[in-house]
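Topology and contacts: notes
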Amino acid sequence: MPAPLVVNDSVVIPDAELVWRFSRSSGPGGQGVNTTDSRVELLFDVSATTALPPALKERALARLGGPMITIAASEYRSQLRNREAAVQRLAQRLREAIAPPPKRRRATKPTRGSVERRLASKKARADVKRLRRDV
């Protein structure tokens, strides 16, 4: 299944930069559970990659908290499906890490109508509570 990992339109990770490890998975699997290496670990070194431009690499390193990304997948019984799941998770994690920061919120004042409605509802609630009290 060697194929480059497409993160988005501009970022493609070559297969040579992905490190795969396989081991026995816990959980269901029938007779083959003790003989099949269906658990998958996918390792990707963000600091050593050539697929990311320097600005995106800096952003990814700052957001990920470390130079290595390790994805483990063992939810399926077949190694192929676990490999596909690991690739999808790595792509999603990289997309989130290199995404541009959200726009800053510009502070605004509440409208006069919304302030009046809030104060009117507070007054109505206070009246309800006042009428419940003993005289």
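Scroll up for the structure.
These figures come from a predicted structure and were not determined experimentally.

Take the environment of Arg130 next. Positionally, Arg130 belongs in helix H3 (residues 112-132). Arg130 gets classed as partly exposed once you look at its relative accessible area, which sits at 45%. When the C-alpha positions of Arg130 and Ser114 are compared, they lie 24 Å apart, and in sequence the two are 16 residues distant.

For the rest of this paragraph, the subject is the pattern of salt bridges. Scanning the entire structure with this criterion turns up four salt bridges. Salt-bridge contacts for Arg39 lead to Glu41; the nearest nitrogen and oxygen are separated by 2.8 Å. Take Glu41: its relative accessible area is 15%, and that puts it in the buried class. Put simply, Arg130 and Asp127 hold a salt bridge, and the shortest N to O gap is 3.5 Å. Here Arg130 pairs with Asp127, and both are found in helix H3, just three residues apart, close to one helical turn. Members of the salt-bridge network, linked through shared partners, are Arg21, Arg39 and Glu41.

Turning our attention to the packing of aromatic side chains. This model, assessed by the stated rule, comprises one aromatic pair. For the ring pair Trp20 and Phe22, a centre distance of 6.4 Å and an interplane angle of 0° mean the geometry is stacked. A cation sits over an aromatic face here: Arg83 above Trp20, 4.4 Å from the ring centre.

Before going further, it helps to examine the packing of helix H1 (residues 54-64) against helix H2 (residues 79-98). At their nearest, the axes of H1 and H2 sit 8 Å apart, and the two run at 105° to each other. With respect to H2, the axis of H1 lies roughly perpendicular. Between H1 and H2, the residues in contact are Leu56, Arg59, Ala60, Arg63 and Leu64 and Arg93, Glu96, Ala97 and Ile98, respectively. For the contact of H1 with H2, the residue count by class is five nonpolar, no polar and four charged.

Here we take up H2. Taking 1.5 Å per residue as the helical rise, H2 with its 20 residues ought to reach 28 Å, and the 28 Å between its terminal C-alpha atoms agrees with that figure. Every buried residue of H2 is listed here: Asn82, Arg83, Ala85, Ala86, Leu90, Ala91, Leu94, Ala97 and Ile98. Of the surrounding secondary structure, the elements contacted by the buried residues of H2 are strand S1 (5-6), strand S2 (12-13), strand S3 (18-23), strand S4 (39-45), H1 and strand S5 (68-73).

The rules behind the values
- Residues numbered from 1 in each chain as written.
- Predicted model: local features only at pLDDT ≥ 70, side-chain atom pairs only at ≥ 80, totals over all residues.
- Heavy atoms only, no water.
- Helix = DSSP H or I, 4+ residues; strand = E, 2+ residues; numbered from the N terminus.
- Buried < 20%, exposed > 50% of the residue type's maximum accessible area, 1.4 Å probe, protein only.
- Salt bridge = Lys/Arg side-chain N within 4 Å of Asp/Glu carboxyl O.
- Phe/Tyr/Trp six-rings, centres within 6.5 Å; stacked < 30°, edge-to-face > 60°.
- Lys NZ or Arg CZ within 6 Å of the ring centre and 35° of its normal.
- Axes fitted to C-alpha atoms, helices over the stretch in contact; angles between N-to-C directions.
- Parallel < 35°, antiparallel > 145°, perpendicular 65-115°, else oblique.
- Contact = heavy atoms within 4.5 Å.
- Nonpolar A, V, L, I, M, F, W, Y, C, P; charged D, E, K, R; others polar.
- Expected span 1.5 Å × (residues − 1).

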